[in-house]
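# Summary of structural features
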Amino acid sequence: QVQLVESGGGLVQPGGSLRLSCAASGSIFNIYNMGWYRQAPGKQRELVAGITRGGSTNYADSVKGRFTISSNAENTVYLQMNSLKPEDTAVYYCNADAYTNYGAPKAYWGQGTQVTVSS
């Protein structure tokens, strides 16, 4: 089992920055992907950015050049968000893809952290 806890959300003005953190615990040795998703009111959850254990990253077109995903040796993943727009307002969720004890992959989710971009 994997547990994920997000932090760092809040209210920011357009053009501002926020840094989200996600701490993973439990069977973290089984994790092979981590990432950030977001869900705005009335919309489906969408991938924002992802990172593999090998360090490969990918981003949604809407955030390329503005957001950066990274991780450290303490199994924490970060999302640095710059040049924020009102359209970035959403609940942001940390995700981890991990192998179960019987070998099949399973997705885990954090509780979410609210990001609001408003003037």
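Refer to the structure printed above.
As the structure is a prediction and not an experimental result, all values here were calculated from the model. (Residues numbered from 1 in each chain as written. Predicted model: local features only at pLDDT ≥ 70, side-chain atom pairs only at ≥ 80, totals over all residues. Heavy atoms only, no water.)

## Considering the overall build of the chain
For the chain, the count of helices and strands is zero helices and eleven strands. For the chain, the sequential pattern of α-helices and β-strands runs β-β-β-β-β-β-β-β-β-β-β. Taking 119 residues into account, the globule formula puts the C-alpha radius of gyration at 14 Å, and the chain, at 14 Å, falls close to it. In terms of principal-axis extent, the alpha carbons of the chain reach across some 50 × 25 × 25 Å. Across the 119 residues in the chain, those meeting the buried criterion constitute 42%. As displayed, the chain offers around 6300 Å² of accessible surface, 48% of which is attributable to carbon and sulfur atoms. (Helix = DSSP H or I, 4+ residues; strand = E, 2+ residues; numbered from the N terminus. Rg over C-alpha atoms; globule rule 2.2 N^0.38 Å. Buried < 20%, exposed > 50% of the residue type's maximum accessible area, 1.4 Å probe, protein only. Areas by Shrake-Rupley, 256 points an atom, 1.4 Å probe, with all protein chains shown as cover.)

## A look at the environment of serine 56
The topology assignment puts serine 56 in the loop between strand S5 (46–52) and strand S6 (57–59). Owing to a relative accessible area of 47%, serine 56 belongs among the partly exposed residues under this scheme. Apart from the residues within four sequence positions on either side, serine 56 is in contact with Gly50 and Ile51. (Contact = heavy atoms within 4.5 Å.)

## Comments concerning the state of the cysteines
This model, assessed by the stated rule, comprises one disulfide. Two residues, cysteine 22 and cysteine 94, share a disulfide whose sulfurs are 2.0 Å apart. Measuring the twist about the S-S bond at about -85°, one finds the cysteine 22-cysteine 94 disulfide to be left-handed. In this pair, cysteine 22 is assigned in strand S3 (residues 18–26) and cysteine 94 in strand S9 (residues 90–99), connecting sequence segments 72 residues apart. The residues cysteine 22 and cysteine 94 share a single accessibility class, namely buried. (Disulfide = S-S within 2.5 Å.)

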